[in-house]
2 protein chains.
Amino acid sequence: MDPDVLSTAFVEHYYSTFDTNREALVGLYEEGSMLTFEGQKVQGGQAISDKLNSLCFQQCKHIVSTVDCQPSGPAGGMVVFVSGTLQLPDEEHLLQFAQMFHLLPTPQGSLYVLNDIFRLNYG
Amino acid sequence: MDPDVLSTAFVEHYYSTFDTNREALVGLYEEGSMLTFEGQKVQGGQAISDKLNSLCFQQCKHIVSTVDCQPSGPAGGMVVFVSGTLQLPDEEHLLQFAQMFHLLPTPQGSLYVLNDIFRLNYG
């Protein structure tokens, strides 16, 4: 499958899940997965899910501006780089964010998130 | 070596080379390396170097705000995520940027850039 199509589909799935059913994100991570959220490091699918579900905002909407992707080596993975804005219920203006994912194939042929780094740019 | 120390050293080296001796960046890439610069894809060390040396600005200064890194799998690589600002000679205000690198070890024990994705955030 075209990596650009695959990465765009992943990004749409990730943020629509984040914005509507955040608890289901746990299915995208595995035991060795890592998240760095605004400099805080969390490891393992359940710990990452707990972190994402305990953020200070319960409702949000991600609006994606750009998606870039590249194959990440012989293991069949890819790196995906996203920029966009985050809309929070009590914030007048949008927050800019950038996020990168390193996706690796599962034995079943889908993809999971090995690396996830998120930063707000305070634009 | 501590990956945080290593990634910070890499980032300092990368941007100081970019800002003072841009042609030397070619040594950080290999034939399989990929750059996506503002959505434009370039592959291979020489082509990447040519691209970086033909940007519309000849002088610039990168000011790094954050560096996050994670190990990227069993091959001994790591992903590095940088946010910062870019100062150009004829621009009054700073431009925000975000950039990610996927670094892999060389047989000689140093690191090269396999994946490089750069985006201005137009903050």
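Look above for the structure.
Notes on the structure in this doc start here. Since this is a predicted model, take the numbers as computed values, not measurements. (Residues numbered from 1 in each chain as written. Chains lettered and ligands numbered in written order. Predicted model: local features only at pLDDT ≥ 70, side-chain atom pairs only at ≥ 80, totals over all residues. Heavy atoms only, no water.)

## Points about unusual backbone geometry
Here is step 1: Even without being glycine, glutamate 38 of chain A reaches a positive phi, approximately 50°.
Here is step 2: If you trace the backbone, glutamate 38 of chain A turns up in the loop between strand S1 (29–37) and strand S2 (40–43). (Helix = DSSP H or I, 4+ residues; strand = E, 2+ residues; numbered from the N terminus.)

## Focus on the interface of chain A and chain B
Here is step 1: The interface of chain A with chain B comprises 28 residues on the first partner and 28 residues on the second.
Here is step 2: Between chain A and chain B, a total of about 2,300 Å² is buried, with carbon and sulfur atoms accounting for 56% of that surface.
Here is step 3: On the chain A side of the contact with chain B, Gln70, Phe81 and Arg119 of chain A bury the most area, a combined 26% of that side's loss.
Here is step 4: Put simply, chain A and chain B have four salt bridges between them.
Here is step 5: At the junction of chain A with chain B, the criterion picks out 14 residue pairs in polar contact (both at pLDDT 80 or more).
Here is step 6: Breaking the side of chain A that touches chain B down by element, the ones donating at least two residues are S1, strand S3 (61–71), strand S4 (78–87), strand S5 (95–105) and strand S6 (111–120) of chain A. (Contact = heavy atoms within 4.5 Å. Buried area = accessible area lost by both parts, 1.4 Å probe. Salt bridge = Lys/Arg side-chain N within 4 Å of Asp/Glu carboxyl O. Polar contact = N/O pair within 3.5 Å; in protein donor to acceptor, adjacent residues only side chain to side chain.)

## Description of the pattern of salt bridges
Here is step 1: For the coordinates displayed, the defined rule picks out four salt bridges over all chains.
Here is step 2: Across the salt bridge formed by lysine 41 of chain B and aspartate 4 of chain A, the nearest N and O atoms sit 3.2 Å from each other. Here aspartate 4 of chain A lies in helix H1 (residues 3–20) and lysine 41 of chain B lies in strand S2 (residues 40–43), a pairing that spans two chains.
Here is step 3: Of the residues examined, lysine 41 of chain B reaches a relative accessible area of 52% and is grouped as exposed.
Here is step 4: In this structure, arginine 119 of chain B and aspartate 68 of chain A form a salt bridge, with 2.8 Å as the shortest nitrogen-oxygen distance. You can see arginine 119 of chain B sitting in strand S6 (residues 111–120) and its partner aspartate 68 of chain A sitting in strand S3, one on each of two chains. For the residue pair arginine 119 of chain B and aspartate 68 of chain A, the accessibility class agrees, reading buried in each case. (Buried < 20%, exposed > 50% of the residue type's maximum accessible area, 1.4 Å probe, protein only.)

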